[in-house]
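# Inside the fold
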Amino acid sequence: MTLKIDGTYHLFISEMFGRPHLDLRIAHWTSPDATNWTRQGTVVDSVPGRSHLNHRSEVWLQGVIFDEKTDRWNLFYIAYRGGNREKGEALNLDYEGIAVRAVSQTPGRKGIGGPYKDADVSMAPGGKDAAKWEGQQGLDSFFPYKVGNKWVALHGSHNHFPVSPWYVGVATGDSLTANKWKRVPSEQPSPIESLFIENPIVEKLPNGHYMALYDSNHFTPVQPDLPARPNNSVSYSVSKDGIRWHQGRSLIVQSDANNWASDLRTPLGLVAEGNGIYTILYTGRMKDRPFWAIGKVKVKLSE
């Protein structure tokens, strides 16, 4: 996720430091221009040793959000366990993801760098109001945002066997620090995407609407009536009320002549620069080497 505070860009991102997609940590980087970055340090670590008993086998950043009520930064991330082969699960897949909330131990907006300490679990799989589409992966994403005097979150999930689409649903909470979020029945799942959506980040626009940027499918879909998204794009959806979302669309972020990514994936936020201009950072696997790099593009939004 990318934030701009007092002229400084802050990037919080999950880093792969060992085995791809298996050894992860969440790091904090800063930059004066969103191009030249300095690593400030690790804010959340995974626990080495992937197994069904290790519920921090992976940690994936979701968002860093300031809470005016408590005067603290809150960092949300998904933590997984590995599979249990004795129960027919795949060791290298993610299971029972939970959305963890960590709180900066330094008060005020200047405390964005932490240190962060786990506070509670905002959402976990299962429960009385769990939707039928939620699967074995548990939570694969969780991003809260404020709508009026309450909080809303997009929460995602997926089922490994039998394989199912990756969906998101909508939930509401009384506060950012709530550990009981109520799923909105009419938005289970949301119509944003019917095949694949991961890691949505929501930003409120000047006109009062909300925009979600997210990773969508660039692969050949299993449903013949759903065309694959362009492989040089991220996706977005717009909502008037923060609850009901329109079907997503593609946003091209690389030209055909300058497409350096073989697999363009996750947008890292929508940073307002003024006059309708926004900076978007996004991740992608480089074509010439096995490295997941970060790209930058500036876009102008119009109503």
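A brief structural summary. Remember, predicted model here, so these are calculated numbers, not experimental data. (Residues numbered from 1 in each chain as written. Predicted model: local features only at pLDDT ≥ 70, side-chain atom pairs only at ≥ 80, totals over all residues. Heavy atoms only, no water.)

Reading across the sheet, the four strands line up as β1-β2-β3-β4 and stay open at both edges, with antiparallel pairing between neighbours. Of all strands in the sheet, those with a lone pairing partner are β1 (2–5) and β4 (38–45), marking the two edges. For this sheet, the mean angle separating the axes of adjacent strands, direction not counted, is 25°. In this sheet, strand β3 (residues 24–31) lies alongside strand β2 (residues 8–16) in antiparallel orientation, the contact comprising eight bridges. Across the sheet, residue E15 finds its bridge partner in β3, namely R25. (Pairing = 2+ DSSP bridges. Helix = DSSP H or I, 4+ residues; strand = E, 2+ residues; numbered from the N terminus. Axes fitted to C-alpha atoms, helices over the stretch in contact; angles between N-to-C directions.)

This next bit is on the sheet that holds strand β7 (residues 95–104). Strand order across the open sheet formed by four strands is β5-β6-β7-β8, with antiparallel pairing between neighbours. Single-partner strands in this sheet number two, and they are β5 (58–67) and β8 (116–123). With direction set aside, neighbouring strand axes in the sheet form an average angle of 30°. Two elements, β5 and strand β6 (residues 72–81), share nine bridges in a ladder whose sense is antiparallel. Looking across to β6, one finds that W60 is bridged to I78.

Enumeration according to the criterion identifies 17 salt bridges in this entry. R39 serves as the salt-bridge partner of E15, at 2.9 Å between the closest nitrogen and oxygen. In this pair, E15 is assigned in strand β2 and R39 in strand β4, connecting sequence segments 24 residues apart. Residue class for E15 comes out buried when judged on its relative accessible area of 13%. With a closest N to O distance of 3.6 Å, E198 and R265 form a salt bridge. (Salt bridge = Lys/Arg side-chain N within 4 Å of Asp/Glu carboxyl O. Buried < 20%, exposed > 50% of the residue type's maximum accessible area, 1.4 Å probe, protein only.)

Another point: the pairing of strand β15 (residues 233–239). When you tally the buried positions in β15, you get five out of seven residues, the bulk of the element. Judged from the five bridges that link them, strand β14 (residues 210–216) and β15 form a sheet pairing that is antiparallel. Across the sheet, A212 pairs through a bridge with S237, a residue of β15. In this structure, β15 lies alongside strand β16 (residues 249–252), joined through four bridges in antiparallel fashion. Across the sheet, residue Y236 finds its bridge partner in β16, namely R249.

Along the chain, S190 turns up in the loop between β12 (182–183) and β13 (197–204). Residue class for S190 comes out buried when judged on its relative accessible area of 2%. With residues up to four places along the chain from it excluded, the contact list for S190 reads V168, G169, V170 and W245. (Contact = heavy atoms within 4.5 Å.)

Glancing now at the nonpolar core. Among the nonpolar cores identified, the biggest contains 50 residues, and L75, Y77, Y116, Y145 and W245 are the most heavily contacted of them. Counting residues per element, this core draws most heavily on β6, at seven residues. One finds L205, V234, L264 and I280 within the second-largest nonpolar core, a separate group that totals 13 residues. (Core = buried A, V, L, I, M, F, W, Y, C linked by side-chain atoms within 4.5 Å.)

Of all seven residues in β14, seven are buried; the element is thus mostly enclosed. By the alternation rule, side chains of β14 split into Y210, A212, Y214 and S216 and M211, L213 and D215, which are all buried. Relative to β14, β13 runs antiparallel, the two being bridged by six bridges. When the bridges of β14 are listed, K204 appears paired with Y210. Connecting β13 to the antiparallel partner β14 that follows it, the hairpin turn spans five residues, and G208 within it adopts a positive phi of roughly 90°.

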